[in-house]
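Spelled out, the chains give:
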Amino acid sequence: MSRNAALFDTVFSTRRSSALIVSHPAAAEVSLASACLPSSTLHYNARHLRIIAVNGRCWNDPRCSSRRSSSRKFVACRAFETSEADTTSDRAKEESLAGGNGAAAPAGQEDYPSGELEFHAANGWQVFLIKLKMLIAWPWQRVKKGSILKMKISGEITEQLQDKFQPGMSLPQICQNLIKAAHDPRIAAVIVQVEPLSCGWPKVDEICRHIEYYKQSGKPLVGYLAVGGEKEYYLACSCGDVFAPPGAYISLLGLKVQAQFVGGVLEKIGVQPQIERIGKYKSVGDLLSRKDMSDANREMLTAILDDVYENWLDRIASVRGKTTAEVENLLEEGIFEIEKLHQQGWISDVKYEDQIEEMLKAKLQIKDDKSPKYVDYRKYSRVREWTLGLSGGKADIAVLRAVGNISRQKQMGFTGSGISSDTFIEQIRQVREAKNFKAVVLRIDSPGGDALASDLMWRELRLLAAKKPVIASMVDVAASGGYYMAMAAGVIVAERLTLTGSIGVVTGKLNLGKLYERVGFTKEVISRGKFAELDAEQRPFRPEEAEFFGKSAKTAYKRFRDTAALSRSMQIEKMEEVAQGRVWTGKAAAARGLVDTLGGFSKAVAIAKQKAGISLESKVKLVELSRSKPNIVSFLRGGLQVLVLLPRLLDELNANTGLASEIRATMDNISVEGQSSEERTFFELLELLLR
């Protein structure tokens, strides 16, 4: 047995006590859904840090990036105070990994292909084949010549490929539509209508790259923004021309990060949190036990806020032809008049939708008596890449998408997507045994979940990586269990603002003794075994139980940290410096060896081709193995849907009252927000606590 396998076989071999033990990225808010209940499962989970108000630039695409002003102060994300020389070294690493300022790669760093998306127009023969394929396409896949693709990008954007009956938008399909539109001779122009978004900044960066790809085709592209804040404005600016109606609600007022605490609430109702935090930045315990932000949590959140803020300033300055000082002044002025935004050059013009239509008609030379032909996102998603000559290739590369919370068994019901280790392991083994797959791209958008499930998938991914190149590509978040999966890959690619790391644990329970006394509830337990009542919520820990609890958490943390050190070929002492439950942005993680390079999906595919010995210029067939399956509830409405959901709601009620065999220690989102973003109220936090 190899050293790697031996270490794996010992990880989490110790049976856990019935206590809540979770990994957490020093988050500002936490879901209390199951914190009140005893747990029999150890979980690695991380908060999805969702930047609401600002976005990063397209870090992997030189056309989307700007050179950092030498006069601007650089804010480094670090766990400990270091010398000025160390700060300079970290900055050099971060800029080199981001491909900025022409910096050379650090010594020993592998030279990875950029994966930059480059548009190549079809030649005469290819055009003939495309027209021929269009003739034999199914009726629902046909588009009229001269059509304008209208893409309304709003709400939640999932990394998972979706069925046509499922609501919401899919990042892969948005990107595919932009690529297809660039090559489709029937598409004359694209309008990107941006509405309030509910996704992470890495997803927006990926869309930005594909917008830049479409722009290389030379076809008209228009961004339209009626309602939005910093994030929506950033995406619209990527289109070049940005228009807004006279009464648009565009809020560019600045950024904030906040933490909410329920320690005072729990104290008033007679609930005593008994928390032992392993890791300097494990703030989940702070949320339950404190009434203010800890210094360590403040340090981490401030560093992330500074990262995002600097990133947003540089990006907006680049695309709007401004200086960072001018962008900062925009936020300081608090401009809300749309006409003033136009006069100062922050938007291209003030126009209604019908005026944009007239503008495009003139540009496309459409006769006045005719209306433009539009095709929407969903209909255009039916157009196959094969029709446009974009598919093919002799070599197959498998694409596995790990999206959502991690659990061992398949998640039933209608509460969202998730990663079932049983199902995912089957897919991993299928890829390992299939001879046609030359490499694997593992897309991860997960805050983690069940520790055992994460460990089992890590093992299978290690076995797969021993036979074929495995490239992990992080999206919005790949922390705790999500990062655990990524560690098995040969190369880890992260977006600049991906949230990753979170190597740490917190252990604790809530003592409800005083609450029970106030409401007149009593509970007696007869047990055998010294630690049989470890999860007793009606009393505090006994001294021996508290000692056992602490040792259990320290052991779990040590195993997580040591496995991370082994997987990343780092000394344990070095890993300890970047662990301690801290969440890092992709930029900071790359400088500290937690990820290998920065970029998006196209860069991960390019590296996979490189590792598999496939020419970077050769086409490959990307085989999606994690496509979301259709669900009848996706299109059921009204009373029938309520009847279908009712049994599930009853099951969840049983689970949340402690009748289930297992509960999950899930966590809520940390947010860096602008004024236009929704904030979680006290009553929403209380609702989570009472679930």
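Conventions and cut-offs
Residues numbered from 1 in each chain as written. Predicted model: local features only at pLDDT ≥ 70, side-chain atom pairs only at ≥ 80, totals over all residues. Heavy atoms only, no water. Helix = DSSP H or I, 4+ residues; strand = E, 2+ residues; numbered from the N terminus. Contact = heavy atoms within 4.5 Å. Areas by Shrake-Rupley, 256 points an atom, 1.4 Å probe, with all protein chains shown as cover. Buried < 20%, exposed > 50% of the residue type's maximum accessible area, 1.4 Å probe, protein only. Patch = residues over 30% accessible without salt bridge, like charges linked within 9 Å, V, L, I, M, F, W, Y side chains within 5 Å. Salt bridge = Lys/Arg side-chain N within 4 Å of Asp/Glu carboxyl O. Lys, Arg positive; Asp, Glu negative; His and termini not counted. Charge placed at Lys NZ, Arg CZ, Asp CG, Glu CD. Axes fitted to C-alpha atoms, helices over the stretch in contact; angles between N-to-C directions. Parallel < 35°, antiparallel > 145°, perpendicular 65-115°, else oblique. Left-handed = near helix turned anticlockwise from the far one by under 90°. Nonpolar A, V, L, I, M, F, W, Y, C, P; charged D, E, K, R; others polar. Phe/Tyr/Trp six-rings, centres within 6.5 Å; stacked < 30°, edge-to-face > 60°. Lys NZ or Arg CZ within 6 Å of the ring centre and 35° of its normal. Pairing = 2+ DSSP bridges. Polar contact = N/O pair within 3.5 Å; in protein donor to acceptor, adjacent residues only side chain to side chain. pLDDT = per-residue confidence, 0-100. Core = buried A, V, L, I, M, F, W, Y, C linked by side-chain atoms within 4.5 Å. Expected span 1.5 Å × (residues − 1). Disulfide = S-S within 2.5 Å.

Asker: What is the right way to look at the overall build of the chain in this model?
Answerer: Looking only at helices and strands, the chain has 23 helices and 27 strands in total. A sequence separation of at least 24 residues applies to 78% of the contacts in the chain between residues at least 6 apart. Per element, the accessible surface of the chain, about 29900 Å² overall, is 51% carbon and sulfur.

Asker: Can you walk me through unusual backbone geometry in this structure?
Answerer: Both trends apply: most residues other than glycine have a negative phi, and most peptide bonds are in trans. The backbone phi angle of Q365 is positive, close to 60 degrees, even though this residue is not glycine. With respect to the helices and strands, the residue Q365 is situated in the loop between helix 12 (353-363) and strand 14 (374-376). With a relative accessible area of 72%, Q365 lands in the exposed category. One non-glycine residue, S569, lies in the positive phi region at around 55 degrees.

Asker: Help me understand a negative patch on the surface, please; the structure alone is not making it clear to me.
Answerer: Among the surface-exposed residues, D354, E358, D368 and D369 lie close enough to one another that they form a single negatively charged patch. Among the structural elements, D369 can be located in the loop between helix 12 and strand 14.

Asker: Would you explain the packing of helix 9 (residues 295-320) against helix 10 (residues 324-333) in this entry?
Answerer: Relative placement of two packed helices is described by the angle separating their axes and the distance separating the axes. At a minimum axis distance of 8 Å, the contact between helix 9 and helix 10 shows a crossing angle of 110 degrees. Relative to helix 10, helix 9 is oriented roughly perpendicular. For helix 9 against helix 10, the interelement crossing comes out right-handed. Counted together, Y309, W312, L313, D314, I316 and A317 of helix 9 and T324, V327, E328 and L331 of helix 10 form the full contact between these two elements. Taken together, the residues of the contact of helix 9 with helix 10 sort by class into 7 nonpolar, 1 polar and 2 charged.

Asker: Where do I start with the pattern of salt bridges in this structure?
Answerer: A side chain of one charge can pair with a side chain of the opposite charge when the charged atoms of the two come close. Counted by the stated rule, this structure contains 31 salt bridges. Notably, a salt bridge pairs E333 with K340, separated by 3.9 Å at the nearest N-O pair. A salt bridge links R539 to E545; its shortest N-O distance comes to 3.0 Å. Taken together, the shared-partner salt bridges in this structure form one network comprising E159, R401, R443 and E624.

Asker: Whenever I open this one, the packing of aromatic side chains confuses me. Can you help?
Answerer: According to the stated counting rule, one finds 9 aromatic pairs in the structure shown. Summarising the aromatic geometry, the rings of F119 and Y213 are spaced 5.9 Å apart at their centres and angled 70 degrees between planes, so their arrangement reads as edge-to-face. Placement of F119 in the loop between helix 2 (84-97) and helix 3 (124-136) and of Y213 in helix 5 (residues 201-215) is noted, with a sequence separation of 94 residues between them. It is K509 that lies over the ring of F541; its NZ or CZ is 4.4 Å from the centre. Directly above the aromatic system of W584 lies the positively charged group of R582, at a separation of 4.4 Å from the ring centroid.

Asker: So what exactly am I meant to see when it comes to the pairing of strand 23 (residues 505-511) here?
Answerer: Walk down a regular strand and you will see the side chains alternate between the two sheet faces. Taken across its 7 residues, strand 23 has 7 buried, putting it largely inside the fold. Judged by which residues are buried, strand 23 turns out to be covered on both faces: V505, T507, K509 and N511 on one side and V506, G508 and L510 on the other are all buried. In this sheet, strand 23 lies alongside strand 12 (residues 272-278) in antiparallel orientation, the contact comprising 7 bridges. Counterpart to I275 in the pairing with strand 23 is G508.

Asker: Looking at this structure, I do not really get a positive patch on the surface. What am I missing?
Answerer: A surface patch of like charges, here positive, comprises K144, K367, K370, K373, K379 and R382. Within the fold, K373 resides in the loop between helix 12 and strand 14. Judged by relative accessible area, which is 35%, K373 ranks as partly exposed.

Asker: Just to check I follow, could you spell out the environment of K509 for this structure?
Answerer: Residue placement: K509 occurs in strand 23. Along the chain, K509 and P273 lie 236 residues apart, while their C-alpha atoms are 6.1 Å from each other. In contact with K509, not counting residues within four places along its chain, are Q272, P273, Q274, L534, D535, A536, R539, P540, F541 and F549. Engagement of the side chain of K509 in a polar contact is seen with the backbone oxygen of A536, the distance being 2.4 Å.

Asker: Could you clarify how one ought to interpret the confidence of the model for the chain in this entry?
Answerer: Interpretation of this model should avoid reading the predicted coordinates in detail wherever pLDDT is low. With 74% of its residues at a pLDDT of 70 or more, the chain has an overall mean of 78. Here residues 98-108 is modelled with pLDDT under 50, and outside its nearest four sequence neighbours on either side it reaches 13 contacts, counting other chains as well.

Asker: What's the story with the environment of Y484 in this structure? I'm lost.
Answerer: Examined against the element boundaries, Y484 turns out to sit in helix 16 (residues 481-486). Exposure remark for Y484: the relative accessible area of 0% places this residue in the buried category. Distance in space between the C-alpha atoms of Y484 and G448 is 8.3 Å, their sequence separation being 36 residues.

Asker: It is not clear to me how the packing of helix 14 (residues 421-433) against helix 15 (residues 451-467) should be interpreted in this structure. Could you clarify?
Answerer: Following both chains from N to C, one finds helix 14 and helix 15 inclined at 5 degrees, their axes separated by 10 Å at the closest point. The angle between the axes of helix 14 and helix 15 places the two elements in the roughly parallel class. Where helix 14 approaches helix 15, its residues S421, F424, I425, I428, R429, V431, R432 and E433 are matched on the opposing element by A453, L456, M457, E460, L461, L463, L464 and K467. In terms of residue class, the contact of helix 14 with helix 15 is made up of 10 nonpolar, 1 polar and 5 charged.

Asker: Which parts of the structure should I look at to understand the environment of G263?
Answerer: Along the chain, G263 falls in helix 7 (residues 263-269). Using a relative accessible area of 9% as the deciding quantity, one classes G263 as buried. Along the backbone, G263 and S289 are 26 residues apart, and their C-alpha atoms lie at a distance of 4.5 Å.

Asker: Looking at this structure, I do not really get the nonpolar core. What am I missing?
Answerer: Side chains of nonpolar character tend, in soluble globular proteins, to be buried together. Counting 78 residues, the largest nonpolar core has I153, I157, I174, I207, Y233, W312 and Y380 as its most contacted members. Here this core takes 11 residues from helix 9, the largest share from any one element. Residues M474, Y484, A556 and W584 belong to the second largest nonpolar core, which totals 54 residues.

Asker: In this structure, what is going on with helix 15? I would like to understand it.
Answerer: Every α-helical turn comprises 3.6 residues, leaving residues that sit three or four positions apart pointing alike. Along its 17 residues, helix 15 runs 25 Å from first to last C-alpha, staying within 8% of the 24 Å computed at 1.5 Å per residue. Residues of helix 15 that are buried: A451, A453, S454, D455, M457, W458, E460, L461, R462 and L464.

Asker: Mind showing me how you'd approach a nonpolar patch on the surface here?
Answerer: Together, W125, F128, L132, L135, I136 and W386 make up an exposed nonpolar region whose accessible area comes to about 700 Å². Under the relative-accessibility criterion, L135 is labelled exposed at 63%.

Asker: I tried to follow the state of the cysteines on my own but got confused; where do I start?
Answerer: A covalent bond bridging the sulfur atoms of two cysteines is what the word disulfide describes. What the rule picks out here adds up to 0 disulfides. C208 supplies the cysteine sulfur nearest to C239, a cysteine that is in no disulfide, at a spacing of 8.7 Å. Under the relative-accessibility criterion, C239 is labelled buried at 3%.

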